[in-house]
Amino acid sequence: LGVTVEVGRVTKFVHSKYTIGEPLTGTIPAEIGALDGLTTLSLYDNQICGHLPSEIGRLTSLKRLMLYDNRLEGPLPAELGALTALTELYLHNNNFTGEIPSTLANLTNLEFLLLDGNNLDTDVPSGLLFKKKKLQRYLATLRPNHDMLDKYEKQPFLSYK
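Cut-offs used in this document
- Residues numbered from 1 in each chain as written.
- Predicted model: local features only at pLDDT ≥ 70, side-chain atom pairs only at ≥ 80, totals over all residues.
- Heavy atoms only, no water.
- Helix = DSSP H or I, 4+ residues; strand = E, 2+ residues; numbered from the N terminus.
- Buried < 20%, exposed > 50% of the residue type's maximum accessible area, 1.4 Å probe, protein only.
- Contact = heavy atoms within 4.5 Å.
- Phe/Tyr/Trp six-rings, centres within 6.5 Å; stacked < 30°, edge-to-face > 60°.
- Pairing = 2+ DSSP bridges.
- Axes fitted to C-alpha atoms, helices over the stretch in contact; angles between N-to-C directions.
- pLDDT = per-residue confidence, 0-100.
- 1 Å grid on protein atoms, 1.4 Å probe; cavity = no way out; pocket = protein on both sides within 12 Å on 5 of 7 lines; lining within 4 Å.
- Points joined across faces, edges and corners; volume = space filled by probe spheres on them.
- Nonpolar A, V, L, I, M, F, W, Y, C, P; charged D, E, K, R; others polar.
- Core = buried A, V, L, I, M, F, W, Y, C linked by side-chain atoms within 4.5 Å.

Visitor: What is the right way to read the overall build of the protein from this model?
Guide: Looking only at helices and strands, the protein has three helices and 11 strands in total. Secondary structure of the protein in N-to-C order comes out as β-β-α-β-β-β-β-β-β-β-β-β-α-α. Relative to its full complement of 161 residues, the protein shows a buried share of 43%. Pairs at least 24 apart in sequence give 49% of the contacts found in the protein among residues at least 6 apart.

Visitor: Sorry if this is basic, but what is going on with the packing of aromatic side chains here?
Guide: Pairs of aromatic rings are described using the distance from one ring centre to the other and the angle between the two planes. Summed over the entire model, instances satisfying the criterion amount to two aromatic pairs. Between Y44 and Y68, the aromatic rings sit 4.7 Å apart at their centres with planes inclined by 10°, giving stacked as the arrangement. Taken together, the positions of Y44 in the loop between β4 (40-42) and β5 (47-50) and Y68 in the loop between β6 (64-66) and β7 (71-75) put the pair 24 residues apart, joining distant regions of the chain. Between Y68 and Y90, the ring centres sit 6.2 Å apart and the planes meet at 70°, which makes this aromatic pair edge-to-face. Of the two residues, Y68 sits in the loop between β6 and β7 while Y90 sits in strand β8 (residues 88-90), which places them 22 residues apart along the sequence. What links up through ring pairs into an aromatic cluster is the set Y44, Y68 and Y90.

Visitor: So what exactly am I meant to see when it comes to the sheet that holds strand β1 (residues 2-6) here?
Guide: Strands belonging to one sheet form pairs held by backbone hydrogen bonds; the direction of such a pair is parallel or antiparallel. Read from one edge of the open sheet, six strands run β1-β2-β4-β6-β8-β10, paired in mixed fashion. A single partner strand is all that each edge strand has here, and the edge strands are β1 and β10 (112-114). Here the average twist between neighbouring strands, direction ignored, is 15°. Across three bridges, strand β2 (residues 9-14) lies against β4 in parallel orientation. Within the sheet, the bridge partner assigned to F13 lies in β4 and is L41.

Visitor: Is there a simple way to explain the confidence of the model for the protein in this structure?
Guide: A residue-level look at the protein finds 88% of positions with pLDDT of 70 or above and a mean pLDDT of 85. Ranking the helices and strands of the protein by mean pLDDT puts β7 first, with 98, and helix α3 (residues 149-154) last, with 43. Ignoring residues within four places in sequence, the model shows residues 148-161, a span with pLDDT below 50, making 28 contacts including any to other chains.

Visitor: Looking at this structure, how should I read empty space enclosed by the protein?
Guide: Where empty space is left can be seen by rolling a probe of water-molecule size over the atoms. Tallied over the entire structure, the rule returns one cavity of 30 Å³ or more. Approximately 40 Å³ is the volume attributed to the largest cavity. Looking at the largest cavity, the residues that line it are L113, L114, L115, V124, P125, G127, L129 and Y138. The class makeup of the residues in the lining of the largest cavity is seven nonpolar, one polar and no charged.

Visitor: Please explain the nonpolar core as it appears in this structure.
Guide: Generally speaking, a soluble globular protein has its nonpolar side chains buried in company with each other. Counting residues in hydrophobic clusters, the biggest one holds 32 residues, and the most contacted among them are L41, L65, L67, L80, L89, L113 and L139. Ranked by the residues each element gives to this core, the list is headed by helix α2 (residues 132-140), at three residues. In terms of nonpolar packing, the next biggest core, distinct from the first, is built from six residues, Y44, Y68, Y90 and L114 among them.

Visitor: How should I be thinking about the pairing of β5 in this particular structure?
Guide: The two faces of a sheet get side chains in turn, since along a regular strand they alternate between them. What you see with β5 is a clean split: I48 and G50 sit on the buried side and Q47 and C49 on the side with no burial. Where strand β3 (residues 25-26) and β5 come together, two bridges link them in parallel fashion. Each residue of the ladder has a partner; that of T25, found in β5, is Q47.

Here it is as structure tokens:
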């Protein structure tokens, strides 16, 4: 378990079975929203299940959210769009369902996005989107009444697996 505390506030919370040896189990509690100084939340490759709580939207200092390779399920909370400091969002290989929230279009600082390996109703590019201009173009297609989808589908996005 890796926890970094700066000036009395938790700024990083990191746990992976690769670094610790044992996976985390259970759910992410709503109280996660109280860690408003958090800049990195890295809980990838564990056995975390349940829904991603809407309180995640209170982590407005968050720059890196890495929850991939877990058992998270249900819809992605619209509150993810409040994380405007976010530069990296990795939610791949879970069981998320439903539409990608249009609020993700608010993430104008996002530089890396990986959402595939879920059961989302919205078309998701396979692999990692990492070119900021192309990533922002994709996020713009999530806005309601956006007519860029045809243009998006014809644009090759740089990605890798």
